[in-house]
Amino acid sequence: MQKHVNIVVYNAKQCDPRKCSAAKLRRFGLVREVLQMKFLPKRAVVLNPFAEVAFSPADRERIEDCGLVALDCSWEHAEKVLLKHVRGTSRCLPILIAGNPVNFGKATKLSTVEALAAALHIAGFEHQASELLSIFKWGHTFLDLNHDWLASYKKAKDSTDIVELQERFFSR
């Protein structure tokens, strides 16, 4: 049986709660929400699109032991929130295509649930990734759009491999 990853979401209170994927995850009891960054777990992996190191399967042990953090904020104000000092080890996700209705088909414009599911999938927690996506009508679309990329990223050894895969995929 796979271990369950502890997931924490920092809520910057910038999005419409009716459309917010993190709020729905919280309502279903799938994540713990914090309203201040000081309450983020210290050693957790923080999904941050401005990080300089790519998330990879090498991060599996850390998320298993210390947890996974998503920073839930509007893409319009993301830089302001995400460039602050964030507790934990920041990682950016590799390039993936959004399957959510707001940013459908846009590269890297993932919703919070898509970012969490991508990280879980890459780290080998596919069941938990599917569980998160299952509460959204469009959740399967994200996995369908990114199936081949996620499978390749999951086989990577480390961040360097992830970057090389991205370059190979998107140089074509």
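A brief look at the structure comes next. (Residues numbered from 1 in each chain as written. Predicted model: local features only at pLDDT ≥ 70, side-chain atom pairs only at ≥ 80, totals over all residues. Heavy atoms only, no water.)

Of regular secondary structure, the protein chain possesses 7 helices and 5 strands. Counting helices and strands in the order they occur from the N terminus, the protein chain gives β-α-β-β-α-β-α-β-α-α-α-α. A globule of 172 residues ought to have a C-alpha radius of gyration of about 16 Å, and the protein chain, at 15 Å, matches this closely. Within the protein chain, counting contacts between residues at least 6 apart in sequence, those at least 24 apart form 71% of the total. When the accessible area of the protein chain is evaluated, it comes to approximately 9200 Å², of which 51% is carbon and sulfur surface. Charge centroids of the protein chain, computed over 25 positive and 19 negative side chains, lie 7 Å from each other. (Helix = DSSP H or I, 4+ residues; strand = E, 2+ residues; numbered from the N terminus. Rg over C-alpha atoms; globule rule 2.2 N^0.38 Å. Contact = heavy atoms within 4.5 Å. Areas by Shrake-Rupley, 256 points an atom, 1.4 Å probe, with all protein chains shown as cover. Lys, Arg positive; Asp, Glu negative; His and termini not counted. Charge placed at Lys NZ, Arg CZ, Asp CG, Glu CD.)

In this section: the sheet that holds strand β2 (residues 32-34). Here we have 5 strands laid out as an open sheet, ordered β2-β1-β4-β3-β5, and parallel in their pairing. Both outer strands of the open sheet, β2 and β5 (89-91), are each paired with one neighbouring strand and no more. The average undirected angle you get between the axes of adjacent strands in this sheet is 30°. In this fold helix α4 (residues 112-122) packs onto β1 (7-11), β3 (45-47) and β4 (68-72), with an angle of close to 160° to the strand it touches most, β4. (Pairing = 2+ DSSP bridges. Axes fitted to C-alpha atoms, helices over the stretch in contact; angles between N-to-C directions.)

Right, let's get into the pairing of β4. Burial of β4 is extensive: 5 of the 5 residues sit out of reach of the surface. Of the two faces of β4, the one holding Leu68, Ala70 and Asp72 and the one holding Val69 and Leu71 are both buried throughout. Inspection of the sheet shows β1 paired to β4 by 5 bridges, in the parallel sense. By the bridge assignment, Tyr10 is partnered in β4 with Leu71. Pairing between β3 and β4: 3 bridges, direction parallel. The partner of Val46 across the bridge, within β4, is Val69. (Buried < 20%, exposed > 50% of the residue type's maximum accessible area, 1.4 Å probe, protein only.)

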